[in-house]
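# A structural walkthrough
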Amino acid sequence: MILRLFILLPVLVVALFLYGAIVNIGYIEENRCRMTYMFEHPQYTRLPVQGNERFPKYGLYAYSEGYITQRVQQRIFTGAPVLFVHGSGGSYKQVRSLASVALRKGIDNNWQTHLDYFSVDLNEELSGVYGGYLQDQTEFLEVCIQEIARLYGARGRSIRMFIIGHSVGGKLAQAVVAQTGARGNIGRHIAGIVTLSAPVDKPVALLDHYHQSFYDRIEQAWKTNRSVTGELKHSSTKASLDGILFVTIGGGIRDIIVHDGLTSSRYADLHAMTHNIPNVWLSVDHLCAMWCLQFVLVMNRFLFSMVVPQGRNSFGFVEEKQVQLDKAIRFLSQPFAGSLDDDDEKARVPVGKDKEILLVQHYPEQEDWIEDIRRSFTEQHRAGMHRTRVQMIRLVPDKVSHRFLRVEVINSEQDNWLSGCAAVEIYGNSRMCQKAGSLANYTLPVPSSKFDRFGALLDMHELKRNNPTWTHVLVKIPRTIKPVQFSVDIFNPDERMINLTMPYWFDYRAHTILQDASPDDSFYRINIRGMRHTYQTIALDLTAMSCAGVKGTVVVKVHVPWANGYDRYAFHEELNQTTVYIYPPIEKPPGGEGEREGQEEVPIQLDVHLTPGCKYRIRYAQSLRVSIARIVQQHLVLIPAHSIALLLLAFKDQLSQTAHDDPAFVVGKLRSSLTKPGPLVMLLATSSLIAKFLTLFKAIPRVELLATPLVVSILIHLVSLGVLVIATLGLWGAIAFCANFAHKIILRLIALPIPVMSSTFLSCIHKFPLAVAVLLIAIALTACGGVSLLCAAAVYFVLLSKAYEDYLENFVFYTARKIAARLFGAREQTERDGKRRRHRRRPANETGDELMVINFHLPLFFLVIMLALLNVPSVITWAKNYHYANTLQPDPSLVPALIVLVCLAVLWQLNTPRNVYGYELLAALLVIVAFVSVLYCQVHVYRLNYSIGLVFLAITVHQIIAPKRRDVVEMDAAEEKEPEGIVQQQAEQESVDEKKAN
């Protein structure tokens, strides 16, 4: 029963992972992006590029619409240049949304300020999974930048451009300036780089060594020529790349290809997530980042804000980097402006004492000055306001209940709507002040898709200490015809602070933290402690129990203290029930912020903004669906290494079934070896311990120290085991029931002109596998190693299915002979057969060696399949570029393919497994390679190619040179008379079948 449960558990985990993948695709957060539309048909004008003969696949295009196309065709460019670089498998036409909006804005500006958009065509190459073309793409991008500079230089202008790189295009933009140290002529043409959903410092997966060398080369160049963020302010010397603005932008939880933690860089001047960018406020998927209207508008506003005149009717980007950075902060970020914590430095900044503040002028004859003694209230003016209103909020320093102020306004048309002053003057029946100090630095935009909404959080006691003469905080709302609303909430922070702890991984119960909030409460802060891993997710459920004639609107700001630039806003409008998922975007570093000795752990902070007039209930629970979805998203790349490691440990168990002094070698069953918990427990218990031990030796290559939680490691092991178990059962089913169907498919694929030739070719696979292996090697050398591996897997399946057919025939004949002996009393013949069999090798199955042969070759077949799957990107790249070259160059799959194919040629031709010594050493090597796969190949996936190649090489050498077992001379003599090899046994069986048919 325990064994059956152990078999069932990995299968259930596989089903759980499939569910997580489905959730990732579209069930976490809806897509609320609006489409970007054009007013005219887009035109892409190809520009001639000097040196393009080296890159015939690539091209440079300029975007235009309508009558602007004529100017582009005449090479007249007067705007600030922006170069768009698409990502893996992308198209140069993806610039359309960004360029079209910019073009319309330029036309609306009467062409006084405009942008010129260029786009690079990289032939839609899959550079995200195949790194062989990254260097060519970088060099072509450099040629394009020089060509754009020549276009502007022909008109006597020295221009600097912005590069917008999506996905791998962002890494290419970073790479092209990394060549500055060697050539010194590219960085001067680049003002800034903006990456969209790009894996900047780390790739999504390292599927070949070209990716590894590409990232290492860029890292070395930027490390030498660029200051790390935070060090630039304290350094007196500037590196050569410090003058380039570098902004990284991530898409958030909807981007299932490049997750949050990969989109930032330690060299970036600013990192932002789309769900934290003002006027965007939502997560976008990997492709949506290029056409989401909310984001496209903000990105173009940011670029237009840096455009300055450069001569007559010509424009370019401002040269000063600090000005560029200020614009980026203004449009793409929003600094934290207030705090509920007593020890927060930002809450102690003096206002009006040690720094100058902006004064706000008031005109009492045009304004209504109103003071309300209520602590919490909301006022709505649906028809607008006929006169300017100044709402006065008294500063009461001696009452704890009047310490914090949360104020929010909707459709206020004035930037300096919040201020403070000493209201000691009298006008009419009201106290007032003609000049007030602006508190605009405390105001922040609040997400809304319908209104201009701003809010502020003030510590009025601190404000009073810094400005002793002040008596009031003022909220100024100018007259307008738009509907206006403002709310005031004065409270004791201790009453609005909720502390909770992350539940244990097995606890998914719902907990109520606020049953009935007061209708006047508009703000709560929730502190979550114990949340440090990226898979940990809390579902925060906010339900409006009752509303006074309004629909509930909830805004939740998530602030992760150790993840700068990852603050997230989640807002839901006109919904009485809202669920917000809370998770850390990156792992909490050990001993990080707030975890030094003597300091308390700094929690994740949730600022919850509620709709005044509604009574809310707040509940939370750990979310299994989103936790699994995030594990799938971030750790799926680890499965190949763990699957191969478990397969090798199971293969080791198969080869360890025979004692050293046993005269006959026996191979165990793969399914039985996989379902033993020993290999799984051994891999779990010792891999991390071995990794820490190996780090003590400097001579040993560094292992991949991943901060993978134990729960995630267990799930990865179980899902890898489940995949192997399901694949084993599926393969046995395919061999047993689909062999004839597979033969028909292969015949259809061969499709030779004469049907007899097709069947003859298939027969050659059975009889002459060495010749087939030579053909596969020729395919690897002339086309692509991955193609030959896929063909090898198909041939291997044919051989296994034929061996299974022979096994079934022998089983039937043996069973019939045994039944006949029992029925007709053929004892003498049975005794003679028994004496003959005692001198032969006796496998575990009495019907012959075919089943043992299948058990031996089954894990090798799985290794061939895994190797072929690891090199599928090379096959796709070869197929896409077959028009330009018949052979894939460079080919990362060639070397492992040649190693495995040469070994298969030997293993297919020999009578494997042979009855020899040395299987103990082979089993020990399999264990070593299994642990090497886990320690060195989880992130560097391409190293698994060489691990598999090493296994095949070791098995082949062992089968060739290992000595035979010496105490079975008669067995050896009998074996010499038997046909050699699996294929020869199959040929003999076919001749027997023909005689029976005659």
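We now turn to the structure provided with this report. (Residues numbered from 1 in each chain as written. Predicted model: local features only at pLDDT ≥ 70, side-chain atom pairs only at ≥ 80, totals over all residues. Heavy atoms only, no water.)

Pairing within the open sheet is mixed, and its 5 strands lie in the order β24-β26-β31-β28-β29. This sheet does not close on itself; its edge strands, each paired only once, are β24 (497-501) and β29 (568-572). Direction aside, neighbouring strands of the sheet carry axes that sit 20° apart on average. Bridge count between β24 and strand β26 (residues 523-529): 5 bridges; the pairing is parallel. In the sheet register, Asn-499 faces β26, and the bridge partner there is Asn-527. (Pairing = 2+ DSSP bridges. Helix = DSSP H or I, 4+ residues; strand = E, 2+ residues; numbered from the N terminus. Axes fitted to C-alpha atoms, helices over the stretch in contact; angles between N-to-C directions.)

A few words now on the pairing of strand β5 (residues 161-166). Along a regular strand, successive side chains alternate from one face of the sheet to the other. Counted residue by residue, β5 has 6 buried out of 6 residues, so it is predominantly covered. Both strand β3 (residues 80-85) and β5 contribute to a ladder of 4 bridges, which runs parallel. By the bridge assignment for β5, Val-82 is matched with Phe-162. Strand direction decides the pairing type here: β5 and strand β6 (residues 190-196), joined by 6 bridges, are parallel. Counted as the bridge partner of His-166 is Leu-196 from β6. (Buried < 20%, exposed > 50% of the residue type's maximum accessible area, 1.4 Å probe, protein only.)

In this chain, Gln-889 is followed by Pro-890 through a cis amide linkage whose omega measures -10°. Structurally, Pro-890 can be placed in the loop between α22 (872-880) and α23 (894-909). Residue Pro-913 follows Thr-912 across a cis peptide bond; omega there is 5°. Examined against the element boundaries, Pro-913 turns out to sit in the loop between α23 and α24 (919-936). Here Trp-111, not a glycine, exhibits a phi torsion of approximately 65°, which is positive. Inspection of the secondary structure puts Trp-111 in the loop between α3 (96-108) and β4 (115-121). Although it is not a glycine, Asn-411 sits at a positive phi angle of roughly 65°. Turning to its location among the elements, Asn-411 is positioned in the loop between β15 (404-410) and β16 (418-421).

The next subject is the packing of aromatic side chains. Evaluated as defined, the whole model comprises 27 aromatic pairs. Seen in terms of ring centroids, Phe-404 and Phe-491 are 6.2 Å apart; in terms of plane orientation they differ by 25°. Their pairing is stacked. You can see Phe-404 sitting in strand β15 and its partner Phe-491 sitting in strand β23 (residues 484-491), a full 87 residues away along the chain. The two residues Phe-404 and Phe-491 agree in class, both being buried. With a centroid separation of 5.4 Å and an interplanar angle of 85°, the aromatic rings of Tyr-796 and Trp-908 are classed as edge-to-face. (Phe/Tyr/Trp six-rings, centres within 6.5 Å; stacked < 30°, edge-to-face > 60°.)

What follows covers the sheet that holds β3. The 8 strands lie next to each other as β1-β2-β4-β3-β5-β6-β7-β8, forming an open sheet whose pairing is mixed. Because the sheet does not close on itself, it has two edges, and the strands there are β1 (42-47) and β8 (270-273). Adjacent strand axes in the sheet meet at a mean angle of 25°, parallel and antiparallel pairs treated alike. Two elements, β1 and strand β2 (residues 59-65), share 6 bridges in a ladder whose sense is antiparallel. Note that in β2 the partner of Gln-43 across the bridge is Ser-64. Strand contacts of helix α5 (residues 168-178): β3, β5, β6 and β7 (245-250), with the helix running at about 140° to β5, the strand carrying the most contacts. Helix α8 (residues 293-305) rests against β3, β4, β5, β6 and β7 of the sheet, and its axis sits at about 120° to β4. (Contact = heavy atoms within 4.5 Å.)

So, on to the state of the cysteines. Evaluation of the coordinates by the stated rule reveals 2 disulfides. A sulfur-sulfur separation of 2.2 Å characterises the disulfide bridge that pairs Cys-33 with Cys-292. Here the S-S torsion is close to -90°, and the disulfide linking Cys-33 with Cys-292 is therefore left-handed. Of this pair, Cys-33 sits in the loop between α1 (2-26) and β1 while Cys-292 sits in the loop between β8 and α8, placing them 259 residues apart in sequence. Each member of the pair, Cys-33 as well as Cys-292, carries the same accessibility label: buried. Here Cys-288 stays unpaired: no disulfide links it, and the sulfur of Cys-33, its closest cysteine neighbor, is 3.3 Å away. (Disulfide = S-S within 2.5 Å.)

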